[in-house]
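Below are the chains, spelled out letter by letter.
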Amino acid sequence: MKQFLIRYRLTNGTPDSWHREIAKFISALDNDPDLKGRIAYRVMKTRDGSDYYHIASPADDEAVKTLQGRDFFKSYNEKTRAVAGGDIVVSPLEIVAETAPA
């Protein structure tokens, strides 16, 4: 399974407003009949800071292509760039070792 880490600092907007946008994106993922269950997406932030970390785990390359074609993804991508002031790092991750699923 491929995974991607998206990192940035919230520099524009408020955390509450941004968290609502994140929730809308996740809802769109969960409600899309072609993507439901095919992309795991988790967003975290530093407890007392403004650094954000998103981990996206698509089931396959086709799920990525489908997502990239969705208007809700394009809008979310633009909004993410805006709140980060354009400074985003996307890193493909490779699993080296892991525990058994909980």
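Residues numbered from 1 in each chain as written. Predicted model: local features only at pLDDT ≥ 70, side-chain atom pairs only at ≥ 80, totals over all residues. Heavy atoms only, no water.

Undergrad: Explanation requested: the pattern of salt bridges in the structure shown.
TA: For side chains of opposite charge, pairing can occur when their charged atoms come near one another. The full count for this structure, using the stated rule, is seven salt bridges. Note that K2 is salt-bridged to D61, the shortest N-O span being 2.7 Å. Of this pair, K2 sits in the segment before strand 1 (3–9) while D61 sits in helix 2 (residues 61–68), and the two are 59 residues apart along the sequence. On the basis of relative accessibility, which here comes to 45%, the residue K2 falls in the partly exposed class. (Salt bridge = Lys/Arg side-chain N within 4 Å of Asp/Glu carboxyl O. Helix = DSSP H or I, 4+ residues; strand = E, 2+ residues; numbered from the N terminus. Buried < 20%, exposed > 50% of the residue type's maximum accessible area, 1.4 Å probe, protein only.)

Undergrad: What am I meant to see in the nonpolar core here?
TA: Here is a general trend for soluble globular proteins: nonpolar side chains tend to be buried in one another's company. Judged by nonpolar contacts, the single largest core of 18 residues is most densely connected at Y8, W18 and L29. The element contributing the most residues to this core is helix 1 (residues 15–31), with four residues. If near-sequence neighbours (up to four positions away) are discounted, Y8 is found in contact with W18, S50, D51, Y52, H54, T80, V83, A84, D87 and I88. (Core = buried A, V, L, I, M, F, W, Y, C linked by side-chain atoms within 4.5 Å. Contact = heavy atoms within 4.5 Å.)

Undergrad: Honestly, the packing of aromatic side chains in this entry has me stumped. Any pointers?
TA: Any pair of aromatic rings gets described here by the distance separating the centres and the angle formed by the planes. Summed over all chains, the structure comprises seven aromatic pairs. An angle of 70 degrees between the planes, with centres 5.1 Å apart, marks the rings of F25 and Y41 as edge-to-face. Of this pair, F25 sits in helix 1 while Y41 sits in strand 2 (residues 39–45); the two residues are 16 residues apart in sequence, bridging distant segments of the chain. Taking the relative accessible area as the measure of exposure, F25 reaches 4% and is therefore buried. Members of the aromatic cluster, connected to one another through ring pairs, are Y8, W18, F25, Y41, Y52, F72 and Y76. (Phe/Tyr/Trp six-rings, centres within 6.5 Å; stacked < 30°, edge-to-face > 60°.)

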